[in-house]
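# Per-entry structural report
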Amino acid sequence: MHTFGVLCSNTNDIVYLGEASDPENACYRAIGTGNGWGRLSRFKRFDLGEPKTEDSRSWLCFIVFDVSGVLEPDPNVRHDDQAIMNAIGDDMHVGTFIAEQL
């Protein structure tokens, strides 16, 4: 298991800091933490920036960072924790994932 930090680009909040088997699994764990995301399609990798919104669909976009060895898992992570934001670097980015909000 690795430790991942998940940033919701829709709100620019840290939504998960914990262990997961892979970056996509970290996204599913992030939505399972009771943040009220509603119904979602399956997550899919999206490496082209944020999805276009002119098609009137709503997307949840998560940016995932591998923070193993840098940050410890925190089940009660604060969404606006500046220390975590400062610790996350571009070299830790392991993927961007989107899910359609249904």
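Residues numbered from 1 in each chain as written. Predicted model: local features only at pLDDT ≥ 70, side-chain atom pairs only at ≥ 80, totals over all residues. Heavy atoms only, no water.

### Here we look at the pattern of salt bridges
For the record, the criterion: Counted as salt bridges are all cases of a side-chain nitrogen of Lys or Arg within 4 Å of a carboxyl oxygen of Asp or Glu. Counting from the N terminus, the helices are the DSSP runs of H or I reaching at least four residues and the strands are the DSSP runs of E reaching at least two. Buried means the residue's accessible area, taken with a 1.4 Å probe over protein chains only, is under 20% of the maximum for its type, while exposed means over 50%, and partly exposed covers the values in between.
Overall, the coordinates contain 2 salt bridges when judged by the stated rule. A salt bridge links Arg42 to Glu24, with the nearest nitrogen and oxygen atoms 3.9 Å apart. With Arg42 in the loop between helix H1 (23–31) and strand S3 (44–45) and Glu24 in helix H1, this residue pair connects regions lying 18 residues apart in the sequence. Among the residues examined, Arg42 registers a relative accessible area of 61% and is labelled exposed. Judged by its relative accessible area of 27%, Glu24 falls in the partly exposed class. Measuring nitrogen to oxygen at the nearest pair gives 3.5 Å for the salt bridge that ties Arg78 to Asp80.

### Here we look at the state of the cysteines
The cut-off we apply is this: Criterion for a disulfide: a pair of cysteine sulfur atoms at a distance within 2.5 Å.
According to the stated counting rule, one finds 0 disulfides in the structure shown. Sulfur of Cys8: no disulfide; nearest cysteine sulfur belongs to Cys61 and is 7.6 Å away. Using a relative accessible area of 0% as the deciding quantity, one classes Cys8 as buried. Of all cysteine sulfurs in the structure, the one in Cys61 sits closest to Cys27, which takes part in no disulfide; the separation is 8.9 Å. Among the residues examined, Cys27 registers a relative accessible area of 0% and is labelled buried.

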